[in-house]
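# Structural description and commentary
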Amino acid sequence: GMSVEMLQPAIAAFRNAAKAAGRDAEALKVVVRTNGLAVGPNRPLLLGTVDEMADDLKRLKEIGADHVFIDLNFRKTTVADQLKYLGQLREAASL
């Protein structure tokens, strides 16, 4: 799985390449996507409990990620449960 430490140089390289090409690097958005809510030891980035995910979101913001796309359609949960989870995540991450 991906980690913040692995993603940080990729975001920096993207921004540097944009600058080198004469683009406004800050105008180009970085989007990170995840597919679910796995829990347990050695969890990948953006998979885990609400508190773990909230910490990941904060760290991603610190390294320059502009958006995170959390695709919960791979989970067998109702829309109501998905919205409840995302509300809890938003609150925990102070977003």
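Residues numbered from 1 in each chain as written. Predicted model: local features only at pLDDT ≥ 70, side-chain atom pairs only at ≥ 80, totals over all residues. Heavy atoms only, no water.

### Description of the overall build of the protein chain
Note the threshold: Numbering of helices and strands runs from the N terminus, with a helix taken as a DSSP run of H or I at least four residues long and a strand as a DSSP run of E at least two residues long. Exposure classes here rest on a 1.4 Å probe applied to the protein chains alone. A residue is buried below 20% of its type maximum, exposed above 50%, and partly exposed in between. Two residues qualify as a contact provided that any one of their heavy atoms is within 4.5 Å of a heavy atom in the partner residue. With residues, only the protein chains shown are counted as cover, and all accessible areas are computed by Shrake-Rupley using a 1.4 Å probe. Counted as positive: Lys and Arg. Counted as negative: Asp and Glu. His and the chain ends are not counted at all. Where a charge sits is defined by one atom per residue type, namely NZ (Lys), CZ (Arg), CG (Asp) or CD (Glu).
Helix and strand counts for the protein chain stand at three helices and two strands. For the protein chain, the succession of helices and strands along the chain, N to C, is α-β-α-β-α. Considered along the principal axes of its C-alpha atoms, the protein chain spans approximately 45 × 25 × 25 Å. Counting all 95 residues of the protein chain, 32% fall into the buried class. In the protein chain, the share of contacts with a sequence separation of at least 24, taken over all contacts with a separation of at least 6, comes to 59%. When the accessible surface of the protein chain is split by element, carbon and sulfur atoms take 54% of a total near 6300 Å². Taking the 13 positively charged and 12 negatively charged side chains of the protein chain as two groups, their mean positions are separated by 4 Å.

### What to know about helix α3 (residues 79-93)
The cut-off we apply is this: An expected span of 1.5 Å times one less than the residue number is assigned to each helix. Summarising the geometry, the arc corresponds to the directions from the helix axis toward the C-beta atoms.
The first and last C-alpha atoms of α3 sit 21 Å apart over 15 residues, in line with the 21 Å expected at 1.5 Å per residue. All buried positions along α3 are accounted for by Gln82, Tyr85, Leu89 and Ala93. Each buried residue of α3 lies within a common arc of 65 degrees when the element is viewed along its axis, so the set occupies one face. Turned more than 90 degrees away from the buried face of α3 sit Ala80, Leu83, Lys84, Arg90 and Glu91, all of them exposed. On its buried face, α3 is in contact with α2 (50-62) and β2 (67-70). Backbone geometry just after α3 places Ser94 at a positive phi near 55 degrees.

### With respect to the pattern of salt bridges
The criterion, for reference: We define a salt bridge as a contact between a side-chain nitrogen of Lys or Arg and a carboxyl oxygen of Asp or Glu at a distance within 4 Å.
According to the stated counting rule, one finds five salt bridges in the structure shown. With a closest N to O distance of 2.6 Å, Asp71 and Arg33 form a salt bridge. Note that Asp71 is positioned in the loop between β2 and α3 and Arg33 in strand β1 (residues 31-34), a separation of 38 residues in sequence. Close ionic contact of Arg43 with Asp56 constitutes a salt bridge, the shortest N to O distance being 2.8 Å. Taken as a pair, Arg43 in the loop between β1 and α2 and Asp56 in helix α2 lie far apart in primary sequence, 13 residues in all. Judged by its relative accessible area of 24%, Arg43 falls in the partly exposed class. The network of salt bridges with common partners includes Arg43, Glu52 and Asp56.

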